[in-house]
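# A look at the structure
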Amino acid sequence: MRISTVQAFNNGVNGLQRNYSNVIRTQEQISTGNRILTPADDPVASARLLQLEQQQGVLGQYKENLTAAKNSQQQEEVTLNSINTVLQRVRDLLVEAGNGSRSQADRQSIAAELAEREKELLGLMNTRNARGEFIFSGFQGKTQPFVVQPDGSYIYAGDDGQRELQIASSLQIPISDSGRTLFESGRNAARLGIAPDNGTLSGALVDDEVSFARFPAGGIRLEFNDPADPRSYELIPVDEFGADGTPIPGRLNEDEDTLVRYQGVAFHVNGIPDPASLPMAYAVTPPDNDPATAPVNKAGILATIASVRQALEEAPDNLEGNRQMRDAVALGLTNLDNGMTVLDQGRGQIGARLNVIESTMTDNEDVTLVNKSVQAELRELDYAEALSRLSFQSIILEAAQQSYVKIAGLNLFSQM
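Let us look at the structure shown here.

### As for helix α3 (residues 104–125)
- The first and last C-alpha atoms of α3 sit 31 Å apart over 22 residues, in line with the 32 Å expected at 1.5 Å per residue.
- Among the residues making up α3, those that are buried are Arg107, Ile110, Ala111, Leu114, Glu118, Leu121, Leu122, Leu124 and Met125. Buried residues of α3 fall within an arc of 145° about the axis and therefore sit on the same side. Exposed and oriented more than 90 degrees from the buried face of α3 are Ala105 and Lys119.

Here it is, written out as structure tokens:
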């Protein structure tokens, strides 16, 4: 085959460029530590690396969300623990207030501390997070959840929303609880009716929710039928159709008001009925199902404390005032216990969420490590192989250069 001088030169130059390019590429791989410099180097691995990098970005966002969720739940947990501590003190104060030996001055002192505890609780229930948002206002983060009205009552101005964050591909977790759910969802013990409400019977409340499930659907009737023995009575359960059950006889205390209990319901009979007014019957009925007339089934913690404080401040220092105090404290203690039960449930839910967050953070870190390991296997260079290859390519390049010099020097004149 005949080879022209131009073709020989071109073949030599192309060989030099190719070998030089191989050496430069290997040197660049060694200097960067990456096996893949362009997608053309390994299209399959490049596509896989792109997917892994996208997944790494998503995992990074989940990590930020997990940190935010953990911080939010820890702040809520600390706040609820503080609220629970205050409520424990409030409960102790209510027990003291219910002590019949307390003087009017003692009651005023207890009322003063209750007022300060109210303010403390109001501040805790209106806690803000690091972003300045109220943590117990539902979705209305910029709205103060609990507001004092001019008459001293409290209203909840937030909503029932529960903010959530996505912490995994198919997992969202709540990072807040509404104030209504936590602080205004306790069962109202005073959801019973008394008729006639003339003061003979008072303080009717549900003091045992489990037993109350067996309370007659039609309520109970307390009958005083014997003018010769006004202390004797009959308690008659009434079913949902108005039919009377078996009467249960009883007797009132002679020197003090009588506490009557039946199927989770408790109430006081104040004194002894006037024989001249007998026979007389009183009805204690369960909550009305008619929304227009039904009593409030929920009691807020702040409202419960405020009602007892007002009773301490306003009840006169006489028998009637003592009865008012007795009933107010009994109702306050029961409603406070119901509210604290709901609060404990909320704290338990927060603990469960924190456990989920911790386990998800661990899973996220494990997946991140695996992701980085796979990326390293696909991208990183085998230095031993690359150095060996560079040495071999350098030898080839030197040989190509030397052969090119010799071939370039060949011509017919050198043979004459």
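Now that the structure is up, let's keep going.
### Looking at the side chain of serine 178
- In this structure, serine 178 sits in the loop between β4 (171–174) and α4 (179–183).
- At 2.8 Å, the side chain of serine 178 forms a polar contact with the side chain of threonine 181.
- Setting aside chain neighbours within four positions, we find serine 178 in contact with Phe136, Gly138, Tyr156, Asp159, Asp160 and Gly161.

### Let's talk about the packing of aromatic side chains
- A full pass over the atoms with the stated rule returns seven aromatic pairs.
- Plain terms: the ring middles of phenylalanine 136 and phenylalanine 183 are 5.1 Å apart, the flat faces sit at 80° to each other, and that makes the pair edge-to-face. A residue pair is termed long-range when its members are at least 10 positions apart, and phenylalanine 136 in the loop between α3 and β1 (146–148) and phenylalanine 183 in helix α4 qualify at 47 residues. Neither phenylalanine 136 nor phenylalanine 183 differs from the other in exposure class; each is buried.
- Ring centres of phenylalanine 146 and tyrosine 156 lie 5.3 Å apart, and the angle between their planes is 55°; on these two criteria the pair is classed as tilted.

### Some remarks on the pairing of strand β8 (residues 220–224)
- Taking burial as the measure, the five residues of β8 include four buried ones, the bulk of the element.
- In this sheet, strand β9 (residues 232–237) lies alongside β8 in antiparallel orientation, the contact comprising four bridges. By the bridge assignment for β9, leucine 222 is matched with leucine 235.
- In this structure, β8 lies alongside strand β13 (residues 280–285), joined through five bridges in antiparallel fashion. The partner of isoleucine 220 across the bridge, within β13, is valine 284.

### Notes on the sheet that holds strand β7 (residues 201–206)
- Here we have three strands laid out as an open sheet, ordered β7-β12-β11, and antiparallel in their pairing. For this open sheet the edge positions go to β7 and β11 (258–262), each flanked by a neighbour on one side alone. Looking at each pair of strands side by side, their axes are set apart by 20° on average, direction ignored.
- In this sheet, strand β12 (residues 265–269) lies alongside β11 in antiparallel orientation, the contact comprising five bridges. Bridged to valine 260 within β12 is phenylalanine 267.

### Things to note about the pattern of salt bridges
- One pass over the full model with this rule turns up 24 salt bridges.
- For glutamate 116, the salt bridge goes to lysine 119, with nearest N and O atoms at 3.7 Å. Of this pair, glutamate 116 and lysine 119 both sit in helix α3, three residues apart, which is roughly one turn of that helix.
- On the basis of relative accessibility, which here comes to 47%, the residue glutamate 116 falls in the partly exposed class.
- In this structure, the salt-bridge partner of aspartate 160 is arginine 180, at a minimum N-O distance of 2.7 Å. With a gap of 20 residues between them, aspartate 160 in the loop between β2 (154–156) and β3 (164–168) and arginine 180 in helix α4 connect regions that are remote in the sequence.
- You can call aspartate 160 partly exposed: its relative accessible area is 48%.
- What you see here is one network of salt bridges that share partners, running through Arg89, Glu96, Arg102, Glu113, Arg117 and Glu120.

### Thoughts on the nonpolar core
- Counting residues in each nonpolar core, the largest one holds 39 residues, and the members touching the most others are Ile83, Leu87, Leu114 and Phe183.
- Mapped onto this core, the elements with two or more residues apiece are α2 (43–97), α3, β2, α4, α6 (301–314) and α7 (319–379).
- Ranked by residue count, the leading element in this core is α7, at nine residues.
- For leucine 114, the residues in contact, after removing those within four places along its chain, are Val90, Leu93, Leu94, Ile305, Val308, Arg309 and Leu312.
- Listed in part, the 21 residues of the second largest apolar core include Ala204, Leu222, Leu235 and Phe267.

### Digging into the environment of proline 273
- The residue proline 273 is located in the loop between β12 and β13 in this model.
- Once the C-alpha coordinates of proline 273 and phenylalanine 224 are considered, the two residues, 49 residues apart in sequence, prove to be 8.1 Å apart.

Cut-offs used in this document
Residues numbered from 1 in each chain as written. Predicted model: local features only at pLDDT ≥ 70, side-chain atom pairs only at ≥ 80, totals over all residues. Heavy atoms only, no water. Helix = DSSP H or I, 4+ residues; strand = E, 2+ residues; numbered from the N terminus. Expected span 1.5 Å × (residues − 1). Buried < 20%, exposed > 50% of the residue type's maximum accessible area, 1.4 Å probe, protein only. Arc of directions from axis to C-beta. Polar contact = N/O pair within 3.5 Å; in protein donor to acceptor, adjacent residues only side chain to side chain. Contact = heavy atoms within 4.5 Å. Phe/Tyr/Trp six-rings, centres within 6.5 Å; stacked < 30°, edge-to-face > 60°. Pairing = 2+ DSSP bridges. Axes fitted to C-alpha atoms, helices over the stretch in contact; angles between N-to-C directions. Salt bridge = Lys/Arg side-chain N within 4 Å of Asp/Glu carboxyl O. Core = buried A, V, L, I, M, F, W, Y, C linked by side-chain atoms within 4.5 Å.

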